[in-house]
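# Working through the structure, step by step
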Amino acid sequence: MTHQLKEALNYSLNIIEQNINTLTYFPERCENGVWVTAEEKRIPSHWVDGFWTGLLWLAAVHTQDSNFETAARAWTQKLAWLKHTTDTHDLGFIFYLSNVLGYRITGDESLLPDALTAVETFTQRYNPRGEYMQAWGHIDGPPHERGRINVDLMMNMPFFFWASARTGNIKYGQIASRHARTSRHTLMRPDGSIAQVADFNPDTGVFLRQETHQGLSHNTCWSRGLGWALYGFAEAYRWTGSELFLYTARQTAAYAIANAPQDKVPFWDYNSLDIPNTYRDSSAAAVIAAGLLELEAGETDATLAARWRAEAEAITLSLWQNYSTRETGIPAILLKGSRSVPHNWMEHPLIYGDYYFVETLVRLLRPDLESTLFPRQVLHVG
Ligand code: GLY
């Protein structure tokens, strides 16, 4: 197995190197063998930009090749303009995998001011009445926008936890901890599945209903969203020590394992009526594998820890054996991602699938980098 995982990482590094030489914009999905950028004018579309910088930083630390670091710094610098925007709920995805990851790898403090400005900007999306971060839309938008969260936001919470640890200002960690608690209570279901979206009355903070955006329906389970929940709650546990978050991450992990198809790569929604004749989402599998390793790192039960790791390895091996772009000439790593089936965007390589695949490979193969890349500390956020 290790031999195949090493082969997968080497292959991925070659693809990343090739893309340094050809990309002139942040990649989002591959169409007809060409990377397509996020829509330039829509700020929320830039949620993917940190995955390309994240790949470059991981390549840099693994290889110690200065070409990767030079590229990682240059592309990270291109994200600075986003630090003042209040129009996206994904500043965490963007800055955690660029400036914060770069700082962890290099110790270069010049990478910090942009990240700390971004995190302060990001706090403006917090609704203290409902104790949640607003998902899509403007912060002064209509009630249906101001009253909406999604499970994707859980992956933005580590940026807040990190900022508290870095600055000593507990307010960032409190926002993240409260949002995670609200997400646990409104998005999770007893069987370990999740709803993508929850709606609130933004003026009273009262929870109204579960909904979806990229899943089949309000009462089904969108597979990448399950991955966001698994990874997000697992990391929230390691920053807070809250048993509620550990329990939640375990529930999502157990759901993912129990409901995985034979090759371990889920369909786009676990409850799609068309299974098995519908679309896979390789990016969901990659996020789930990465989340399982984050859960393993904080797991207090040795038997469960071994289970999470074995599953992460099995998923990653299947992605490499059954979903890689080998011998296709496509300048991405994984085939068959589903950005959003309800919007008719599927069957593409996706930059976030590639990022979490490589993160998992590095984490499996380079335990010596664990404390550099994935440091956590328990904050006393209440
Ligand atoms: N966070 C957006 C998505 O997962 O598609």
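In the block above lies the structure referred to throughout.
Residues numbered from 1 in each chain as written. Predicted model: local features only at pLDDT ≥ 70, side-chain atom pairs only at ≥ 80, totals over all residues. Heavy atoms only, no water.

For the rest of this paragraph, the subject is the nonpolar core. Phe51, Phe159, Phe160, Trp162, Leu319, Tyr356 and Phe357 are the most contacted members of the largest nonpolar core, which has 126 residues in total. Each residue touching leucine 319, except ones within four places of it in the same chain, is listed here: Val265, Ser282, Ala285, Ala286, Ser324, Leu334 and Phe357. (Core = buried A, V, L, I, M, F, W, Y, C linked by side-chain atoms within 4.5 Å. Buried < 20%, exposed > 50% of the residue type's maximum accessible area, 1.4 Å probe, protein only. Contact = heavy atoms within 4.5 Å.)

Space inside the largest pocket adds up to approximately 590 Å³. Arg42, Pro44, Trp47, Trp136 and His213 are, among the 27 residues lining the largest pocket, the residues nearest its centre. For the lining of the largest pocket, the secondary-structure elements that each account for two or more residues are α9 (223-240) and β8 (337-340). Along the lines of polarity and charge, the residues of the lining of the largest pocket split into nine nonpolar, ten polar and eight charged. (1 Å grid on protein atoms, 1.4 Å probe; cavity = no way out; pocket = protein on both sides within 12 Å on 5 of 7 lines; lining within 4 Å. Points joined across faces, edges and corners; volume = space filled by probe spheres on them. Helix = DSSP H or I, 4+ residues; strand = E, 2+ residues; numbered from the N terminus. Nonpolar A, V, L, I, M, F, W, Y, C, P; charged D, E, K, R; others polar.)

A separate point is the packing of helix α7 (residues 157-167) against helix α8 (residues 170-187). When two helices pack together, their arrangement is captured by the angle between the axes and the distance separating the axes. Contact pair α7 / α8: the axes reach a minimum separation of 7 Å and the direction vectors enclose 155 degrees. Here α8 runs roughly antiparallel to α7, going by the angle between their axes. When the axes of α7 and α8 are compared, the crossing they make is left-handed. Seen from α7, the contacting residues are Met157, Phe160, Phe161, Ala163, Ser164 and Thr167; seen from α8, they are Ile170, Lys171, Tyr172, Gly173, Ile175, Ala176, Ser177 and His179. Partitioning the contact of α7 with α8 into residue classes produces eight nonpolar, five polar and one charged. (Axes fitted to C-alpha atoms, helices over the stretch in contact; angles between N-to-C directions. Parallel < 35°, antiparallel > 145°, perpendicular 65-115°, else oblique. Left-handed = near helix turned anticlockwise from the far one by under 90°.)

Okay, the pairing of strand β2 (residues 34-37) next. For strand β1 (residues 27-31) and β2, the ladder comprises four bridges, and the chain directions are antiparallel. If you follow cysteine 30 over to β2, its bridge partner there is tryptophan 35. Joining the antiparallel neighbours β1 and β2 is a turn of two residues, in which asparagine 32 adopts a positive phi near 50 degrees. (Pairing = 2+ DSSP bridges.)

Right, let's get into the site of the ligand. The environment of the ligand is formed by Trp47, Asp152, Gln214, Trp222, Arg224 and Trp228. In the environment of the ligand, a nitrogen atom lies 2.7 Å from a nitrogen or oxygen atom belonging to the side chain of aspartate 152. Tryptophan 228 places a polar side-chain atom, nitrogen or oxygen, 2.9 Å from an oxygen atom of the ligand. For the ligand, whose unbound accessible area comes to 200 Å², protein coverage reaches 93%. According to the grid-proximity analysis, the pocket containing the ligand is the largest pocket. (Near = heavy atom within 4 Å. Polar contact = N/O pair within 3.5 Å; in protein donor to acceptor, adjacent residues only side chain to side chain. Areas by Shrake-Rupley, 256 points an atom, 1.4 Å probe, with all protein chains shown as cover. Sits in = over half its atoms within 2 Å of the grid points.)

Our focus in this paragraph is unusual backbone geometry. Proline 276 follows isoleucine 275 through a cis peptide bond whose omega is 10 degrees. Residues other than glycine seldom take positive phi values, yet glutamate 327 does so here, at roughly 65 degrees. When you line up the elements, glutamate 327 lands in the loop between α12 (302-323) and β8. Of note, glutamate 347 is a non-glycine position whose phi angle comes to about 65 degrees, a positive value. With respect to the helices, strands and loops of the structure, glutamate 347 is situated in strand β9 (residues 345-348). With relative accessibility at 38%, the residue glutamate 347 sits in the partly exposed group.

The full count for this structure, using the stated rule, is 25 salt bridges. In this structure, arginine 376 and glutamate 235 form a salt bridge, with 3.2 Å as the shortest nitrogen-oxygen distance. In this pair, arginine 376 sits in the segment after α14 (370-373) while glutamate 235 sits in helix α9, placing the two residues 141 residues apart along the sequence. There is no split in this pair, since arginine 376 and glutamate 235 are both buried. (Salt bridge = Lys/Arg side-chain N within 4 Å of Asp/Glu carboxyl O.)

Attention now moves to empty space enclosed by the protein. What the rule picks out here adds up to three cavities of 30 Å³ or more. Considering only enclosed or pocket space, the largest cavity measures out at about 170 Å³ in volume. Lining the largest cavity are 17 residues, with Tyr96, Leu97, Tyr231, Tyr355 and Glu359 positioned closest to its centre. For the lining of the largest cavity, the secondary-structure elements that each account for two or more residues are α4 (91-106), α9 and α13 (351-365). The residue inventory of the lining of the largest cavity, partitioned by class, reads twelve nonpolar, one polar and four charged. Taken together, Ala256, Ile257, Ala260, Pro261, Lys264, Pro266, Tyr270, Ile288, Glu311 and Ile315 make up the full set of residues lining the second largest cavity. Only α10 (243-258) and α12 provide two or more residues apiece to the lining of the second largest cavity. Along the lines of polarity and charge, the residues of the lining of the second largest cavity split into eight nonpolar, no polar and two charged.

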